[in-house]
Amino acid sequence: MAAIMRRAVCRLAAGRAFSVSSANCAKVSVLGASGGIGQPLSLLLKQSTLIDELSLYDIANTVGVAADLSHIESKAQVKGYVGESELEECLKGSNIVVIPAGMPRKPGMTRDDLFNINAGIAKSLAEACARTCPEAMICIISNPVNSTVPIAAEVYKKAGVYDPKRIFGVTTLDVVRANTFIAELKGTPVEQTQCPVIGGHAGITILPLLSRVEPSVQFTDEERQALTVRIQNAGTEVVEAKAGGGSATLSMAYAGARFAFALLQAMNGAKNVVECSMVDSDVTELPFFSTPLVLGRNGVEKNLGIGTINDFEKEGLEKLKGELNASIEKGIKFANQ
């Protein structure tokens, strides 16, 4: 799976373009484009030859961000939109919408603490997408993802336009972190290391499947426990290191771009494009769950499920279900108020 997943991604490397093909170019909209994630995410997206229109929205400063990005020597045309009155114009004709909008996490805050602020933002943006570009792929970064994805799904159901194959919770950062930490610990080439991560996108709901790392490596019980906890708490590691100066914005921008590029490749006909994402799922008894997915022209082509896991991971899977289900139910309840 490692080679397949790596081929799916337009590599973030030196050079002017991230992708190898410019066929069937797309319009991508970023909602929250002026923020700590939105700006570097938009910069990465601007460099893809698979994007010919990059549409940026926020409540302030997007005209300046768009002007800055428009000077970059790549094909995507960039335009900024400011305020609710310009949101639908921003979204018209979008093929992919990436949503990093919302309040970032601060020291001492959990993702759940963000709920009261970010839930309303996620709901209003999902409503605009459902009205304006209901067939677009929706990539939700706004935390808490364990709740904002169910919120968006409920909004689309109410609007009568719900397609479970097109709404994604971007959990890619958990995979990126797992790959990085494993490579550091075991000395494997990071660009070849691949670890699937399942569950959700907060604390113990993040479950790296260390038994399925490719290329295969062995862990002691102590290494497995410590590495799992580090991956689960990696967001807090960054928040504390920044000491009030923000959360994981740059690595999240990278992960969001990686997922968007994978979608773009799949929508352009690439085969065997695999990424983990939190989606409407019947893999467990929970209605939403992150697992490896095969992406296609219309979104989720196939859910690859959990697969074979060891006893440590089975225990982690059972432990995460209660917390993840509570977050999902909280989002559903909010959306239906």
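Residues numbered from 1 in each chain as written. Predicted model: local features only at pLDDT ≥ 70, side-chain atom pairs only at ≥ 80, totals over all residues. Heavy atoms only, no water.

### Some thoughts on the nonpolar core
Now for step 1: Leu-45, Leu-54, Leu-56, Ile-96, Phe-168 and Leu-295 are the most contacted members of the largest nonpolar core, which totals 44 residues.
Now for step 2: A total of 12 residues in this core trace back to one element, the largest contributor, which is helix H10 (residues 250-267).
Now for step 3: Other than its neighbours up to four places away in sequence, Leu-45 contacts Val-28, Val-30, Ile-51, Leu-54, Ala-257, Ala-260 and Phe-261.
Now for step 4: The next biggest cluster of nonpolar side chains, apart from the first, holds 43 residues, and it includes Tyr-57, Ile-140, Leu-207 and Met-278. (Core = buried A, V, L, I, M, F, W, Y, C linked by side-chain atoms within 4.5 Å. Buried < 20%, exposed > 50% of the residue type's maximum accessible area, 1.4 Å probe, protein only. Helix = DSSP H or I, 4+ residues; strand = E, 2+ residues; numbered from the N terminus. Contact = heavy atoms within 4.5 Å.)

### Considering the pattern of salt bridges
Now for step 1: Throughout the structure, instances matching the rule amount to 13 salt bridges.
Now for step 2: For the salt bridge of Lys-186 with Glu-223, the shortest nitrogen-to-oxygen distance reads 2.9 Å. In this pair, Lys-186 is assigned in helix H7 (residues 172-186) and Glu-223 in helix H8 (residues 221-232), connecting sequence segments 37 residues apart.
Now for step 3: On the accessibility criterion, Glu-223 (23% relative accessible area) is partly exposed.
Now for step 4: Between Arg-224 and Asp-221 there is a salt bridge, and its shortest N-O distance comes to 3.0 Å. Placement of the pair is Arg-224 and Asp-221 together in helix H8, with a separation of 3 residues, close to one helical turn.
Now for step 5: Of the residues examined, Arg-224 reaches a relative accessible area of 16% and is grouped as buried.
Now for step 6: According to the relative accessible area criterion, Asp-221 is exposed, its value standing at 57%.
Now for step 7: Each member of the salt-bridge network shares a partner with another, and the members are Glu-184, Arg-230 and Glu-237. (Salt bridge = Lys/Arg side-chain N within 4 Å of Asp/Glu carboxyl O.)

### Considerations on the environment of Glu-89
Now for step 1: Mapped onto the elements, Glu-89 comes out in helix H4 (residues 87-91).
Now for step 2: In this structure Glu-89 comes out as partly exposed when scored by relative accessible area, which is 41%.
Now for step 3: Once the C-alpha coordinates of Glu-89 and Ser-55 are considered, the two residues, 34 residues apart in sequence, prove to be 9.4 Å apart.
Now for step 4: If near-sequence neighbours (up to four positions away) are discounted, Glu-89 is found in contact with Lys-27 and Tyr-81.

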